[in-house]
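Tertiary structure, described
Single-letter residue listing:
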Amino acid sequence: MITWNAQQQTFHLHNQQISYVMGIEHQRYLVHCYWGKRIATFNQYHDYPKLDRSSFSPTPANWPDRTFSLDTVLQEYPGHGAGDYREPAFEVRYADGNQVSNLHYLSHQIVAGKPRPEGLPATWVETPDEAETLVITLADPVTHLQVELSYTVFRDLPVIARAARLVNKGDKPLRLLRALSCAVDFPDGEFEQIQFPGAWARERQWHRQPLNPGISVLDSKRGASSTHQQPFIGLVRPETTEMQGEAWGMHLVYSGNFTARTEVDAFKQTRVLLGINPHGFGWQLLPGEGFQTPEAVMAWSDCGLNGLSQALHRLYRDNLVRGQHRHQTRPILANNWESTYFDFNEEKLLHFAHNAKQLGVELLMLDDGWFGERNGDTSSLGDWFVNQQKFPLGLRPLIDQVHAMEMKFGLWFEPEMISRRSELFALHPDWVLSAGEQPLSEGRNQYILDLGRPEVRNNILEQMSTFLEQHPVDYIKWDMNRNMTEVGSHTASPERQQETAHRYILGLYALLEALTTRFPHILFECCAGGGGRFDPGMLHYMAQAWVSDNTDAASRVHIQYSTSLLYPPIVQCAHVSEVPNHQMGRSTSMEMRGAVAMSGNYGLMLDLMRSDTERDKAVSEQIAFYKQHRELLQFGTFWRLVSPWQNPDFAAWMFVSPDKSEALLMAFSLVSEASAPLRKVRLAGLDAQATYQVDDQPQPIGGDELMYRGIYIDPPLSRDYTSRIWHLKRLQ
């Protein structure tokens, strides 16, 4: 999968779908040549036009002519201060105060499989023949900085995984000011950019716009990947749609501050960079020490955005998520939060569990309020022992009774946070993130524990381990409800304070690694006030994530449509909730709420403390339908058909089984109108040579006819916030 042409001085990473080509210019500079559809043999190296761009694009020292400049050439890992005025991938301040770096090619090696970076989440392979990895070492002969660039190409996916390791080979300390994971230089600027801005309860809003000359920055400075941006950047050609055209996507496997930057230069070349945000970042490297950047996943498609999504879905499902739950169907749960909030006891929860069981629910999820003296959001975070006021006999009797109902039991934790009113804070007030004498900001009446300190995370690990060893919990919802302020550590020296945010993330990963290793049977769900830290880094440890605190079905159509560009439905948790909705105050049909929830991991956020014959009958039927089609919905190929971002009144998507024998089509009416025009939807992903029985059609229909001509939504969805589901079965 990786070819080194010594005569041409080129590296060619390839499989049956893609090629990624680099070269070494004049035995020195690592330059970018191509990333796109597979090329059998690459022969055009050194074809980059040699032009004298004037003295404003200088040539390297002692260079033989004026036609080569770092200011214009396409590079793989550009530095700062030696002639390239574009955005750099890394910046270093050396012991003498200068910040000039000039990397030259030193060596390379090709290894089978995919090594895992120490201490960081990353994609992985089960056997060495699934991937091949190229490690290129660059070095600055003056400063003795070394950079090891790793590139992994997967055998069966149009994906490259990249990362960098910066090593101080000199005899004096240096300071990293920027250490990004990857850079890609494209020879043109004819792109549109896709990003996902948002806010709490409005996560991952789809935004597509042309790239303009200059620099565009998408980032988070919040200490988490955040609701406000996703650590992703997509580039597409203007003509690219869901079904056709080229698309490039770059996604960071990291859960903290990030930056995704594009720069279109004066010559309409495009540079894309992705990695840890340099804002507030600094890292001291002593002689011999190295710094490992997070991994960047780089996917490509020439089959439109659906093709890009399906590559990422396969990668994340098979090569990012770990553990025994990776390929297991996920349970149907009922969460008590919007039924009881903090007001519950064992008797209430058993009543809730009994009603849930009658509907077909498989897991009782007990949310916030079961621990310490927690009766509101002002206390007890950090005290992970049972609330004796609510459970005088402890929590074990409730768990045992739920298990006796043949249901699983889940709990809410927020282990990274601490309340001022807590036993842990009384003992260790210095364990919070803080900046000297600056007063502490509060968010949701809580502070953030300094997980970069081993003693802090070990305390949380042992508290949770002691509890979990005594309580047979099957499921954990891991929440994180505020972002970082006063980012400093009591134990860090002044030279190390700017390392705090990244050391926190490394500490979080170490804590998750230890917990998931000790308790492999527990299914973990990532949550951060909804989707505030829904990123590939967290999915490495947790097999699924809460998409948004907004459970309104109409809002979720938009949010889940956008989320599906990156993440497969099986990792997205979605619930049927009460109407009027608690967040939006909107009433949507039970059919629509069910269809939206089935498009992820189906759960209930209903008030099951009361009975409602009509509602309960509808929910029971939904759960029975979901169980019948769960394999298809959780492991099928997902296709987006009609976008609510382009058609604000309507949306459609579908699931197709891997062997194309079965499919589910879902359509959603968002805003209806009188005398509405007819609507036809063209399906996707079916077997064009086969015929299918569509459940409301009198005659079988060919897969080609369904995909190329489509079917009418008949009868029309004539009311706001309604939906329909069609089941397709291939005929033998």
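Residues numbered from 1 in each chain as written. Predicted model: local features only at pLDDT ≥ 70, side-chain atom pairs only at ≥ 80, totals over all residues. Heavy atoms only, no water.

This part takes up the UniProt feature "domain: Glycosyl hydrolase family 36 C-terminal" (unreviewed entry) in the protein. With numbering matched to this structure, UniProt assigns "domain: Glycosyl hydrolase family 36 C-terminal" (unreviewed entry) to residues 651–728. The span residues 651–728 carries 8% helix and 40% strand; its end-to-end C-alpha distance comes to 19 Å. (UniProt positions renumbered as here; feature names shortened; annotations may be inferred. Helix = DSSP H or I, 4+ residues; strand = E, 2+ residues; numbered from the N terminus.)

This paragraph deals with the environment of Arg-482. Locating Arg-482 in the fold gives a position in the loop between β26 (475–478) and α7 (500–518). Spatially, the C-alpha atom of Arg-482 lies 8.6 Å from that of Glu-442, the residues being 40 residues apart in sequence. Excluding its chain neighbours within four sequence positions, the residues that come into contact with Arg-482 are Met-417, Ser-441, Glu-442, Gly-443, Gln-446, Tyr-447 and Ile-448. Of note is the side chain of Arg-482, whose polar atom sits 3.1 Å from the backbone oxygen of Ser-441. Looking at Arg-482, its side chain comes within polar contact range of the side chain of Thr-485, at 2.7 Å. (Contact = heavy atoms within 4.5 Å. Polar contact = N/O pair within 3.5 Å; in protein donor to acceptor, adjacent residues only side chain to side chain.)

According to UniProt, the feature "domain: Glycosyl hydrolase family 36 N-terminal" (unreviewed entry) maps to residues 29–285 in the numbering used here. Between the C-alpha atoms that bound residues 29–285 the distance is 24 Å, and the span itself is 0% helix and 42% strand.

Turning to the sheet that holds strand β27 (residues 523–526), a few remarks are in order. Pairing is parallel in the closed barrel, where 8 strands are placed in the order β21-β22-β23-β26-β27-β28-β29-β30. Ignoring strand direction, the axes of neighbouring strands in this sheet form an average angle of 30°. Across 4 bridges, the pairing between strand β23 (residues 408–413) and β26 is parallel. Residue pairing across strands places Gly-410 opposite Tyr-475, the latter belonging to β26. (Pairing = 2+ DSSP bridges. Axes fitted to C-alpha atoms, helices over the stretch in contact; angles between N-to-C directions.)

Let us look at the pairing of strand β10 (residues 174–186). In terms of burial, β10 is largely enclosed, as 13 of its 13 residues are buried. Relative to β10, strand β5 (residues 90–93) is paired through 4 bridges, and the arrangement is antiparallel. Directly across from Glu-91, in β10, lies its bridge partner Arg-178. Inspection of the sheet shows β10 paired to strand β18 (residues 283–285) by 3 bridges, in the antiparallel sense. Note on β18: the bridge partner recorded for Leu-176 is Trp-283. Judged from the 6 bridges that link them, β10 and strand β17 (residues 270–276) form a sheet pairing that is antiparallel. Bridging from a neighbouring strand, Leu-180 pairs with Gly-275 of β17. (Buried < 20%, exposed > 50% of the residue type's maximum accessible area, 1.4 Å probe, protein only.)

Trp-370 and Leu-604 are the most contacted members of the largest nonpolar core, which totals 201 residues. Not counting chain neighbours up to four residues away, the residues in contact with Leu-604 comprise Leu-333, Ala-334, Asn-335, Leu-359, Val-361, His-575, Val-576, Val-619 and Ile-623. By size, the runner-up hydrophobic cluster in this structure holds 25 residues, among which are Ala-690, Val-694, Leu-706 and Met-707. (Core = buried A, V, L, I, M, F, W, Y, C linked by side-chain atoms within 4.5 Å.)

Moving on, we come to the pairing of strand β20 (residues 295–301). Counting buried positions over the 7 residues of β20 gives 7, a clear majority of the element. Alternating positions in β20 separate into two faces, Glu-295, Val-297, Ala-299 and Ser-301 on one and Ala-296, Met-298 and Trp-300 on the other, with burial throughout. Note: strand β15 (residues 247–253) against β20, 7 bridges, orientation antiparallel. Bridge pairing in β20 links Trp-248 to Trp-300.

This part covers helix α3 (residues 346–359). Counted at 1.5 Å a residue, the expected span for α3 with its 14 residues is 20 Å, and the 20 Å between its end C-alpha atoms agrees. Three or more residues of α3 are buried, namely Leu-349, Leu-350, Phe-352, Ala-353, Asn-355, Ala-356 and Leu-359. Looking at the packing, one finds that the buried side of α3 touches β21 (333–335), α2 (337–340), β22 (363–366), α4 (396–404), β30 (601–605) and α11 (613–635). Its side-chain oxygen placed 3.2 Å from the backbone nitrogen of Glu-347, Asn-345 serves as the N-cap of α3. Downstream of α3 by one or two residues, Gly-360 has phi in the positive range, about 105°. (Expected span 1.5 Å × (residues − 1).)

Packed helix pairs are specified by the crossing angle of their axes together with the interaxial distance, meaning the distance between the axes. In contact at an axis separation of 11 Å, α3 and α4 are set at 15° when each is read in the N-to-C sense. Relative to α4, the element α3 is oriented roughly parallel. Seen from above, α3 lies across α4 with right-handed handedness. Residues Glu-346, Leu-349, Leu-350 and Ala-353 of α3 touch α4, and the partners they reach there are Pro-397, Leu-398, Gln-401 and Val-402. Class assignment for the residues of the contact of α3 with α4 results in 6 nonpolar, 1 polar and 1 charged. (Parallel < 35°, antiparallel > 145°, perpendicular 65-115°, else oblique. Left-handed = near helix turned anticlockwise from the far one by under 90°. Nonpolar A, V, L, I, M, F, W, Y, C, P; charged D, E, K, R; others polar.)

Turning next to the environment of Arg-116. Mapped onto the elements of the fold, Arg-116 is located in the loop between β6 (104–112) and β7 (131–139). Accessibility expressed as a relative area gives 39% for Arg-116, which makes it partly exposed. Spatially, the C-alpha atoms of Arg-116 and Leu-364 are 36 Å apart, while their sequence positions differ by 248 residues. Among residues more than four places away in sequence, those in contact with Arg-116 are Pro-121, Arg-322, Glu-513, His-540 and Tyr-541.

Mapping Arg-237 onto the fold places it in the loop between β14 (232–236) and β15. Since its relative accessible area comes to 16%, Arg-237 is described here as buried. Polar side-chain contacts of Arg-237 include one of 2.9 Å to the backbone oxygen of Glu-190. The residues contacting Arg-237, other than those within four sequence positions of it, are Asp-188, Glu-190, Phe-191, Arg-208, Glu-246 and Trp-248.

Attention shifts here to the environment of Trp-639. Here Trp-639 lies in strand β31 (residues 637–642). Judged by its relative accessible area of 17%, Trp-639 falls in the buried class. Along the backbone, Trp-639 and Ser-181 are 458 residues apart, and their C-alpha atoms lie at a distance of 30 Å. Beyond its immediate sequence surroundings of up to four residues, Trp-639 is in contact with Met-243, Asn-306, Gln-310, Trp-653, Met-654, Val-656, Ala-684 and Gly-685.

Our focus in this paragraph is the pattern of salt bridges. Using the criterion set out here, one finds 43 salt bridges in the structure. Two residues, Asp-188 and Arg-237, come together in a salt bridge whose shortest N-O distance is 2.7 Å. Of this pair, Asp-188 sits in the loop between β10 and β11 (192–195) while Arg-237 sits in the loop between β14 and β15; the two residues are 49 residues apart in sequence, bridging distant segments of the chain. What makes Asp-188 partly exposed here is its relative accessible area of 21%. (Salt bridge = Lys/Arg side-chain N within 4 Å of Asp/Glu carboxyl O.)

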